[in-house]
Every structure is written in C-alpha cells, then in structure tokens.
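Take a look at the letters that make up each chain.
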Amino acid sequence: MSQEKKQAIIRNAAILCVLFVVTAVTVIFGMMLTLRHFNVFAEYGKIIALTIAVFVLFAVFYVYLNYSSNSRSLESMSNLKLISVAYTAIVIGILLSCATGAYLSWYALPLAFVSLIVGILIRVRVGIMATVIAGMSVMIISPATEQIQDASAVMPIVLGCFIGMLSGFVMAFLIRKRYSRFKLTWGALIVSLAMMPFSALMTILYTFDATTVLYNAIFTAMGNMLAVAVITASLPLYERIFNVWTDFRLQELITLRQPLLRKLNEEAPGTFSHSMAVANLAESCAVAIGINPYMARVCGYFHDIGKIKNPQFFIENQKDGYNPHDELIPEVSVSMITRHTTAGYEMLREVHMPEEICKAALEHHGDSPVSYFYMKVKSITEGDVDNKEFCYEGPCPTTKYSAIIMICDICEAMFRAKPPEDIQSLEKAVDGVIKSRLTEGQLDDCGLTMHDLKLIKQTICRAIPASMHKRIDYDKAKERR
Ligand SMILES: [Fe+2]
Ligand SMILES: [Fe+2]
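Procedures and definitions
Residues numbered from 1 in each chain as written. Chains lettered and ligands numbered in written order. Predicted model: local features only at pLDDT ≥ 70, side-chain atom pairs only at ≥ 80, totals over all residues. Helix = DSSP H or I, 4+ residues; strand = E, 2+ residues; numbered from the N terminus. Buried ≥ 20, exposed ≤ 12 C-beta atoms within 10 Å, placed from the backbone. Contact = placed C-beta atoms within 7 Å. Domains from an automatic or database assignment. Expected span 1.5 Å × (residues − 1). Axes fitted to C-alpha atoms, helices over the stretch in contact; angles between N-to-C directions. Parallel < 35°, antiparallel > 145°, perpendicular 65-115°, else oblique. Left-handed = near helix turned anticlockwise from the far one by under 90°. Core = buried A, V, L, I, M, F, W, Y, C linked by C-beta atoms within 7 Å. Nonpolar A, V, L, I, M, F, W, Y, C, P; charged D, E, K, R; others polar.

Participant: How would you explain the overall build of the protein if you had to name every residue and give the values?
Facilitator: Within the protein, the regular secondary structure consists of 19 helices and 0 strands. Each principal axis of the C-alpha atoms in the protein carries an extent, and together these give about 95 × 75 × 40 Å. Taking all 481 residues of the protein together, 40% fall into the buried category. A separation threshold of at least 6 residues defines the contact pool for the protein, and within that pool the share at least 24 residues apart is 74%.

Participant: So what's going on with the domain arrangement of the protein? Residues and values would help.
Facilitator: Assigned domains of the protein: these are domain 1 (3-244) and domain 2 (248-474). Taking only C-alpha atoms, the centre of domain 1 and the centre of domain 2 are 45 Å apart.

Participant: Outline helix α1 (residues 3-34), supporting the account with residue identities and numerical values.
Facilitator: With 32 residues, α1 should reach 46 Å at 1.5 Å per residue; the first-to-last C-alpha distance of 46 Å fits that figure. Among the residues making up α1, those that are buried are Thr23, Thr26, Val27, Gly30, Met31, Leu33 and Thr34.

Participant: If you had to explain unusual backbone geometry to someone new, which residues and values would you point to?
Facilitator: Following Gly394, the chain continues to Pro395 via a peptide bond in cis, the omega torsion being 5°. Tracing the chain through its elements places Pro395 in the loop between α15 (371-380) and α16 (400-417). The residue Asn243 is not glycine, and still its phi comes out positive at about 50°. Looking at the secondary structure, you find Asn243 in the loop between α8 (210-241) and α9 (247-252).

Participant: Explain the packing of α1 against helix α3 (residues 79-103) to me, and be specific about the residues and the numbers.
Facilitator: Where α1 contacts α3, the two axes come as close as 8 Å, and the packing angle between them is 15°. In terms of axis orientation, α1 runs roughly parallel to α3. Here the hand of the crossing between α1 and α3 comes out right-handed. Of the residues in α3, those in contact with Ile15, Val22, Thr26, Phe29, Gly30, Leu33 and Thr34 of α1 are Ile83, Tyr87, Val91, Ile94, Leu95, Cys98, Ala99, Gly101 and Ala102.

Participant: I'd like a rundown of the nonpolar core, residues and numbers included.
Facilitator: Counting residues in hydrophobic clusters, the biggest one holds 62 residues, and the most contacted among them are Ala86, Ile90, Leu116, Ile117, Val118 and Ala130. When residues of this core are traced back to their parent elements, those giving at least two are α1, α2 (44-69), α3, α4 (112-121), α5 (124-145), α6 (154-175), α7 (181-204) and α8. In this structure Leu116 touches Gly127, Met171, Ala172, Ile175, Ala227 and Ile231, once residues within four positions along its chain are discounted. Core analysis: the second largest hydrophobic core is formed by 51 residues, Ala277, Ala286, Ala361 and Ile464 among them.

Participant: Just give me the short version of the packing of helix α11 (residues 269-289) against α16, but keep the residues and values in it.
Facilitator: The interhelical angle for the contact between α11 and α16, taken along N-to-C directions, is 130°, at an axis separation of 9 Å. Relative to α16, the element α11 lies oblique. Handedness of the α11/α16 crossing: right-handed. For the pair formed by α11 and α16, the contact residues are His274, Ala277, Val278, Leu281, Ala282, Cys285, Ala286 and Ile289 on the first element and Lys400, Ile404, Ile405, Cys408, Asp409, Cys411, Glu412 and Ala413 on the second. The residue makeup of the contact of α11 with α16, split by class, is 12 nonpolar, 1 polar and 3 charged.

Structure below.
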C-alpha cells in the first residue's frame, strides 16, 4: 500500500472518529431539548442506539462530501473547511429543529436553514443532501425521546420533518448560488405561502380538526421565516469563522470603504479608472461563461493594486507631461513596471484576500514581455536582445478569472489609447489579442475552452462600443441655438 493511501485511510478514520463524537453530542443535546426529564445515565442505552443510527447518516454524508469535493466547482474550498461548514450547519439544524419541535410545533422546523446555508456557502446540491441528513436525524432522535404512547403520535413529527425538508429543497432551488438579501426574504415568504396549503393537506391525513389544520399551516410558514432569520444572523459569522467568500462579502470589497481601493483611488487615479473599466468588462465575460461575476469584478478592481507602490511609473497616472522613464535606462524601467504583479500579490495576501483575487494580480500579465521597452532596446542595440529580461515573472493564468482579466486588461488599454473605428476593426483587434495569447501559450493552464474564448470575444465586442459611446456636446448645442 502506498504512503499516500495509508495517509488517506488514517485521515478518514480520524475524521470519522471526530464525527462519531459530534454525533453523540448532537444526540444528547437533541434528547435534552425534546425530553422533559432527561438523565444521561438513565438513558445511556437509548443514547448509544440513537448515536449509531445518526452516525450512519453522518458517515453516508461524509462519503458523499468526499465524492463532491473532487468536482471542479468545489476545488477552491479545502476538504476540512467543506466538512466543518456542512456538519456545523447540520448539527445547528438538528438542534434548532428539536427545540422548535418540542417547544413550538413539529410543523415549524427550520430545516431550510441547512439547505440555504450549505447551498450559499458550498453548493445547492450539497445543501439538499445535508437537509436530508438533518431531517432524517431529527426523525430518528425526536420520536425516540418523546413520551409517545402510540404510533399515531409519531405522525406529526414525521410529516413536520418531511415538510421542513421539502421547504428547504424548494428554497435552495429558488435561491441557488446567485442570491441576494431580497431573494432570500421574498423567496422565504413565497415558499412559506406555497407550503401552507400543502402543510394543511398533510395534517388532514391524520386529523380533520380545523384549528389544528390552520395552526400547522401557520407554523410551517413560521418555520421558514425562522430559518431565514437564523441565516441572516449567522451568515456573517460563517463567512468570518470559515473564511468563505460569499457574494455578500465580495460586494463589501468593491466599495471605497475598502482601504486598498481607497488608496488606489487617491494615489493612482488613472489606474483606478482603468481598473473600474476592466472590472466591468470582466464581470460581463464571467456572466457569459457562467462563472462568478462578483469574483470577476473584484479581480478587475484589484488586478493592478501593486501599482500604488510607484504610481508615477505608469502612463495612466502621469501628469503634466512628466515621465520618470525618460531618466532611466530601459532595463530599470522594465523592472519598475513588471514588479507591480508580485507587489500586488503580496499586498493582497497580506490582507487575506481570496486566492482567486491574489492570483489575478500575480498572473494577469503571464510571462509576456513589456513590448514597448523591448522594441525600444532592440531599435538601439546592434545584435540580439534577450527577450526574457523584458518579461513579467509570470506565472501564466491558472484560473479562468486571471485569464479573463488578462484579456480584458489588454483590450481596455488598447481601446482607451486608440478607440476602434468600426465594429470590424474592433472584432479583428479582440481576435488578435486572444489569438496572440493563445499562440504564446499564456492561456494553456487557465481552464478556458475555445467556446469560452468565443463567448469572451463576443462579450468584449458588445461591451466596448457601449462603454465608449458619445455624449452630446452641450456647449456646441447652445451655440447652435
Ligand atoms: Fe497590470
Ligand atoms: Fe491593468
């Protein structure tokens, strides 16, 4: 057996042991919440039996989580973080449901909390699976602890869990990964209203008492609203504790309250304006190829953040015709320019920015040469000039975000310097940028397909004319009047 396999077995066994302890604690607390007079020592037989039953569910989920973590969409999240986020949500969901069931109603179970929090932080499909595990665990723990005299008393618990899980599935699908606070609140309200008649129908299965039917329908709506309230309160904590970058948190990075961005605006206004334009283009491209547009936008905002170390060395920030490169030899100029990628990467790592954003700052020029200075030296030197001395350090883009920023960065700078004359010249230029990067091998490791590149080209060709539209010259208009 290879060393790697041995380590994997030890790691899995250790995680399962921890999960067993977590299961036992959850079962004990679940019983404490549902049993009026609970005594750990008197109930130890039941505790062991329930722990084993719930642990089987937890272990099945662990296998599923391991399988899911291999998929490309979850690559950015470490396995341990994935497990911690999912299981804390399940445990909180179980305990909240036990408490709500025991003290309010079994129809008011906030199981939607699990599907939404895991759906938002990890993935909708994982959220749905987590809700099934949490719902089934509540079904196992609660009937076994209630003072149940006959089988009919189990009915409301089972139906309540079923309705709670169903609400969770519908809300997770309604909200998906692209959510907003508006969607969250209104989604909960709509799902609650839609689930009320369903809940009433379920109650009719075992009683025709009109008051019970009405109350259960109202409790179902209350459970969903409670789930959203708990999510709203706990999401910022989840984001900070597990360092997960949700859309809410990414949006906080693109305001001028963010110190680095404010500094860029104050000290390098030209770069700031260029970054805004790149961010707009990158966001549109991300939408076109189906990756996170918020992440693409933030990558655009921060890709040139390293320029604040020496803003005057970049043409967009130079004022009054003064250019410090006139006083330097080309080799020094190149090193002043190329270091903005590594400087940006270090600055962003220091403030714990998401990995994708740090990489976009480091990789957005790949290992391409600073053509202007290379050509300048070539024109004044006899013989060969080593191209490598005029290149960025790299690496080439390793994420789709870095590659999008690379393409949008060149296009934005190129069309700002010389706006395209017509749509044909625009298409030709964008095509040329993408083809040259492909031939240089800059896009080899980024994961973009040829179809993605086609969509990116179409998006840029659509967005550039819109961003360079003409405005009315009001002074001339006044003169004509
Ligand atoms: Fe740059
Ligand atoms: Fe740039």
